[in-house]
Amino acid sequence: MRTPSPYKKKIAGVLIGAAYGLAVRLGLADPEVHSFLNAISAAFLFVCPFSVGAIAVLWGAERGTRIEPSRQVGLASSAMALFLISMFVTFVEGLLCIVLVVPVFMIAGILGGLIGGAIHNHSRINRSTLPTLALLPFLIGPLESLLPPERSIQTVSNTIHIDASPEAVFNKLADVRDIKPSELGFTFVHLVGLPKPLEAQMSGSGGPGSVRTSRWEKGVWFHEVITESAMPQALRYRFVVPKGAIPREALDEHVEINGRYFELVDGGYALKPTSDGGTDLSMTTRFINKSRLQAYGNLWGKMVLKDFHRSILGLMKSRSEQRVDHHPKTPWPGAPG
C-alpha cells in the first residue's frame, strides 16, 4: 500500500481534528446530549479543543518519525482555526461567541497537540489512542453535570464625566430617540455582532412603575420598569424581557438576554455634581451568571457589559454637551421650564 506523503498526512490531521470538533459541537444540539454536555462547560470549552489538537497531531504524524514541537503546535492551531471557521460558516456559532472562545480554545488545542506529540514521540502509540481522546468530552461531561448548579449575581459599573449640569444630563435619560451608529463610537461587542441600540422611549409619568422600552437592531426589544426616579440624582429600573422580544437569530444562544446562561436583573444611572459644574454619570447593570463555568462567564459577561456601557455613556455625554439639541424628544415629566 502506498504511504501518504508527509504533506497529505498534515492536511488529513488538520481536517480530521476540525471535523471531530464540529461533530461534537453539532451534537450539543441533540437534547439527549444536552442533558450533560453544553457549550458553556469545561467539557466543551477545555476538553473538546484539547482533543481536537491531540487528534490532529496524532493523525498527522508519520509512523516511526519524530514530530517536532513546532509542527505539533502548527497542526493543533491549524485544526483549531479550521474548527472555529467551520462553526461560523455553518451558522453553528455567531461571531461574538467565536471571538469569546478563541483564547481558551487555542491554548487548550495547542496543549492537546503537545500532549499528542509526546505520546507519539515517546510511546510510538498512534491511532490506537484516538478513540480515547475522542471520547474525553463525553466522559468528563457526565461527571461535570453531577456538580450542583451555580448562580451568582454580578455587578458592572462605568462612569463618565460630562460637561453639563445634573439636571441637563438627567433630562436626556428618559427618551433617547433616533440613535445614530456614529454616536455610539467604536465598541468591540458591536463590531463582532451584538445589535446596536436604536432608541429608548419612556411611557407614563417617568416615576416608579413607568416603563422605558429599549429597542435594538435585529428586532430586539425589552422593558425597563422604573423603580426609582429621583431627579437629578438617580434613575433606576428592573429589566423585563417579554416572551418573543429577543428573536432567536438576533443573539447567539450563549449571550442571549435572559437566556440559558445569563439573565439581566436591574440597572440604572447615578448622577453626581462636580466642582466644575459638570456631572459624573455612572451606569450600573446587575446580571445573573447561570453557567457552570462561573469565572469564565463572569469575565466575558462583565467585558461585554462594560463595553456596552461605554458606548451608552458616550452617547449621553455627546447629547448632554450639545448646545443645540439635534434630537428632539418628549421632555422629562416635571423637568424645569
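Residues numbered from 1 in each chain as written. Predicted model: local features only at pLDDT ≥ 70, side-chain atom pairs only at ≥ 80, totals over all residues. Heavy atoms only, no water.

**As for the environment of Val 104**
Definition in use: Per the convention used, a helix needs a DSSP run of H or I reaching at least four residues, while a strand needs a run of E reaching at least two, with both numbered from the N terminus. Note on contacts: a residue pair is in contact if any heavy atoms of the two residues lie within 4.5 Å.
Note on placement: Val 104 falls in helix 5 (residues 95–123). Expressed as a C-alpha distance, the spacing of Val 104 and Phe 46, which sit 58 residues apart in the sequence, is 7.0 Å. Filtering out sequence-adjacent residues up to four positions away, Val 104 remains in contact with Leu 45, Phe 46 and Tyr 296.

**Some remarks on the confidence of the model for the protein**
Counted only if it meets this: You can read pLDDT as the predictor saying how much it trusts each residue, on a scale of 0 to 100.
Per-residue confidence for the protein averages 86 on the pLDDT scale, and 88% of its residues sit at or above 70. Per-residue pLDDT stays below 50 along residues 324–337; that stretch engages in 29 contacts with residues further than four places along the chain or on separate chains.

**What to know about helix 3 (residues 42–60)**
As a reminder of what qualifies: To estimate the expected span of a helix, subtract one from its residue number and multiply by 1.5 Å. Fitting one axis to the seven residues ending at a residue and another to the seven starting there, the bend at that residue is the angle between the two axes. In this scheme, a residue with accessible area under 20% of its type's maximum is buried, one over 50% is exposed, and one in between is partly exposed, where area comes from a 1.4 Å probe on protein chains only.
Across its 19 residues, helix 3 extends 26 Å between first and last C-alpha, which sits within 8% of the 27 Å expected from 1.5 Å per residue. Considering bend angle alone, the principal kink of helix 3 is centred on Cys 48 and spans about 25°; proline Pro 49 follows within four residues of it. For helix 3, the tally of buried residues reaches 16 of 19 residues, placing the bulk of the element in the interior.

**Thoughts on the pairing of strand 7 (residues 279–289)**
The criterion, for reference: By the convention used here, strands pair only if DSSP detects at least 2 bridges between them.
Counting buried positions along strand 7 yields eight of 11 residues, so the element is predominantly enclosed. With 11 bridges connecting them, strand 1 (residues 152–162) and strand 7 associate as antiparallel partners. When the sheet's bridge partners are listed, His 161 is paired in strand 7 with Asp 280. Relative to strand 7, strand 6 (residues 262–273) runs antiparallel, the two being bridged by 11 bridges. Counterpart to Asp 266 in the pairing with strand 7 is Arg 286. Linkage of strand 6 to strand 7, two consecutive antiparallel strands, is achieved through a turn of five residues, within which Gly 277 is found at a positive phi near 85°.

**Comments concerning the nonpolar core**
Convention followed: Here, nonpolar core refers to any group of buried Ala, Val, Leu, Ile, Met, Phe, Trp, Tyr and Cys residues whose side-chain atoms link them within 4.5 Å.
With 79 residues, the main nonpolar core has Phe 44, Phe 83, Met 87, Phe 105, Leu 173, Tyr 269 and Leu 281 as its most contacted residues. Setting aside anything within four residues of it in sequence, one finds Tyr 269 in contact with Leu 173, Arg 212, Gln 233, Ala 234, Leu 235, Tyr 237, Leu 281, Ser 282, Met 283 and Ile 312.

**Structural notes on the packing of helix 3 against helix 6 (residues 130–145)**
For any two helices packed against each other, the geometry comes down to the angle between their axes and how far apart the axes lie. What counts here: Think of each axis as a best-fit line through the C-alpha atoms, taken over the contacting stretch in the case of a helix, with angles from 0 to 180 degrees between the N-to-C directions. In these notes the angle categories are as follows: under 35 degrees is roughly parallel, over 145 is roughly antiparallel, 65 to 115 is roughly perpendicular, and the rest is oblique. Only Asp, Glu, Lys and Arg are considered charged, only Ala, Val, Leu, Ile, Met, Phe, Trp, Tyr, Cys and Pro nonpolar, and every remaining residue, Gly among them, polar.
Two elements in contact, helix 3 and helix 6, have axes whose closest approach is 9 Å; the angle formed by their N-to-C orientations is 175°. Classified by the angle between their axes, helix 3 and helix 6 sit roughly antiparallel to one another. Only Leu 130, Leu 133, Ala 134, Leu 136, Pro 137, Ile 140, Gly 141 and Glu 144 of helix 6 make contact with helix 3, whose side of the interface consists of Ala 42, Ala 43, Val 47, Cys 48, Phe 50, Ser 51, Ala 54, Ile 55, Leu 58 and Trp 59. Partitioned by chemical class, the residues of the contact of helix 3 with helix 6 number 15 nonpolar, two polar and one charged.

**Quick notes on the pattern of salt bridges**
Going by this rule: For this document, the term salt bridge refers to a Lys or Arg side-chain nitrogen within 4 Å of an Asp or Glu carboxyl oxygen.
All told, the structure shown has 12 salt bridges when counted by the stated rule. Ionic pairing is found between Lys 290 and Glu 263, a salt bridge with its closest N-O pair at 3.6 Å. Of this pair, Lys 290 sits in the loop between strand 7 and helix 10 (294–321) while Glu 263 sits in strand 6, placing them 27 residues apart in sequence. Taking relative accessible area as the criterion, Lys 290 reaches 23% and is therefore assigned partly exposed. A relative accessible area of 26% places Glu 263 in the partly exposed class. In this structure, the salt-bridge partner of Asp 266 is Arg 286, at a minimum N-O distance of 2.8 Å.

**Re the environment of Ser 291**
The cut-off we apply is this: Here a polar contact is taken to be a pair of N or O atoms separated by no more than 3.5 Å, where protein atoms must pair a possible hydrogen donor with a possible acceptor and residues adjacent in sequence count only if both atoms sit in side chains.
Examined against the element boundaries, Ser 291 turns out to sit in the loop between strand 7 and helix 10. The buried category is assigned to Ser 291, whose relative accessible area is 1%. The residues contacting Ser 291, other than those within four sequence positions of it, are Ile 40, Glu 150, Tyr 261 and Gly 297. Within polar-contact distance, the side chain of Ser 291 engages the side chain of Asn 289 at 2.7 Å.

**Re the sheet that holds strand 4 (residues 221–230)**
The strand order across the open sheet built from seven strands is 1-7-6-5-4-3-2, with neighbouring strands paired in antiparallel fashion. Two strands in the sheet have a free side with no partner beyond their single neighbour: strand 1 and strand 2 (197–203). Taking each pair of neighbouring strands and ignoring which way they run, the sheet shows an average axis angle of 20°. As judged from the six bridges shared by strand 2 and strand 3 (residues 211–216), these two strands associate in the antiparallel manner. By the bridge assignment, Ala 200 is partnered in strand 3 with Ser 214. Strand contacts of helix 10: strand 1, strand 2, strand 3, strand 6 and strand 7, with the helix running at about 25° to strand 1, the strand carrying the most contacts.

**Re the pairing of strand 4**
Looking along a regular strand, one sees side chains alternate from face to face of the sheet. The pairing of strand 3 with strand 4 spans five bridges and is antiparallel. Counterpart to Val 211 in the pairing with strand 4 is Val 225. Looking at chain direction, strand 4 and strand 5 (residues 234–240) are connected through seven bridges and run antiparallel. The residue of strand 5 that forms the bridge with Glu 228 is Arg 236. Here strand 4 folds back onto strand 5, and the loop between the two strands holds three residues.

**Considering helix 1 (residues 6–27)**
Taking 1.5 Å of rise per residue, the 22 residues of helix 1 would be expected to cover 32 Å, and the 32 Å separating its terminal C-alpha atoms lies within 8% of that figure. Along helix 1, the residues classified as buried are Lys 9, Gly 13, Val 14, Gly 17, Ala 18, Tyr 20, Gly 21, Leu 22, Val 24 and Arg 25. The inward-facing, buried residues of helix 1 contact helix 3, helix 4 (69–89) and helix 6.

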